[in-house]
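Here is how the chains run, residue by residue.
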Amino acid sequence: MSDKKFTTPSGNVSDPAVTADYDSAKRFDKVLVGSLGVFYRDGFKTKYVPYSQLERAFIRVQEVNGRMCCGKAVFHYFRLVFVVGGKEWGDVISEDERATDDALAEIARRSPATAIGFVK
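Predicted model, so just to flag it, every value in this text is computed and none were measured.

S.K.: So what exactly am I meant to see when it comes to empty space enclosed by the protein here?
M.R.: Empty space left among the atoms is revealed by rolling a probe the size of a water molecule over them. Inspection of every chain in the model, using the stated rule, returns 1 cavity of 30 Å³ or more. Roughly 60 Å³ of volume is contained in the largest cavity. Contributing elements (two or more residues each) for the lining of the largest cavity: strand S8 (71–84), strand S9 (87–94) and helix H2 (97–110). Residue contributions to the lining of the largest cavity peak at 3 residues, all from H2. For the lining of the largest cavity, the residue count by class is 7 nonpolar, 2 polar and 2 charged.

Here's what the structure looks like:
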């Protein structure tokens, strides 16, 4: 098995343990939640957020008002946002609300130290 290259907040990493975690991670739409961290595609890169660096994760709902020939329609997109170092390091957009909620719940279960949702 060849090692895959991942982009993390602290630089690129190529580690057999991380590759094995990626291969066995649970998929929620576009997000993979493993035992060591969270994986997702961003362009041609695979980003990896280790739980040791993940400070907070939350869902941002984006509402889009569309005008069509026959009237108006409202669309909702759900963004799973990852906070590292006090800044939003990445987010994954999805139309599947349930998958986003389930991914956030799995992150909370696997990483109790990570703040989940709104934090004052």
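S.K.: Whenever I open this one, helix H1 (residues 16–24) confuses me. Can you help?
M.R.: Count 3.6 residues to each turn of an α-helix, and residues three or four apart come out pointing the same way. Listed in full, the buried residues belonging to H1 are Val-18, Thr-19, Asp-21 and Tyr-22. For H1, the angular spread of the buried residues around the axis is 160°, confining them to a single face. Projecting away from the buried face of H1 at angles above 90 degrees are the exposed residues Asp-23 and Ser-24.

S.K.: Is there a simple way to think about the packing of aromatic side chains in this case?
M.R.: The description of an aromatic ring pair uses the distance of the two centres, along with the angle that the planes make with each other. Applying the stated criterion across every chain, the model contains 6 aromatic pairs. Ring centres 5.5 Å apart and planes at 20° place the aromatic pair Tyr-40 and Phe-82 in the stacked group. Taken as a pair, Tyr-40 in strand S5 (residues 37–42) and Phe-82 in strand S8 lie far apart in primary sequence, 42 residues in all. Judged by relative accessible area, which is 2%, Tyr-40 ranks as buried. Here the aromatic cluster, defined as three or more aromatic residues joined through ring pairs, consists of Phe-6, Tyr-22, Phe-39 and Tyr-48.

About the criteria used
As a convention, each chain's residues are numbered from 1 in the sequence order in which they are written. Local features in a predicted model are, by the rule used here, given only for residues with pLDDT of at least 70; side-chain atom pairs are given and counted only at 80 or more, and totals for whole chains, interfaces and linings are based on all residues. Here the side-chain values reflect all heavy atoms present in the structure, with hydrogen atoms and water set aside. Grid points spaced at 1 Å and placed over the protein atoms alone form the basis of the search, with a cavity being a set where a 1.4 Å probe fits but cannot get out and a pocket an open set showing protein on both sides within 12 Å along at least five of seven lines. Lining residues have an atom within 4 Å of a point. Grid points are joined across faces, edges and corners, and a volume is the space filled by probe spheres set on the points. Only DSSP runs of H or I covering at least 4 residues are called helices, and only runs of E covering at least 2 are called strands; the numbering of each starts at the N terminus. Gly is put with the polar residues, along with every residue not named as nonpolar or charged; the nonpolar set is Ala, Val, Leu, Ile, Met, Phe, Trp, Tyr, Cys and Pro, and the charged set is Asp, Glu, Lys and Arg. Between buried and exposed lies partly exposed: a residue is buried under 20% and exposed over 50% of the maximum accessible area for its type, with that area taken using a 1.4 Å probe on protein chains only. Working note: the arc is built from the helix axis to C-beta atom directions. Each Phe, Tyr or Trp ring (for Trp, its six-membered ring) is paired with any other whose centre lies within 6.5 Å, and the angle between the two planes then decides the class: stacked below 30 degrees, edge-to-face above 60, tilted in between.

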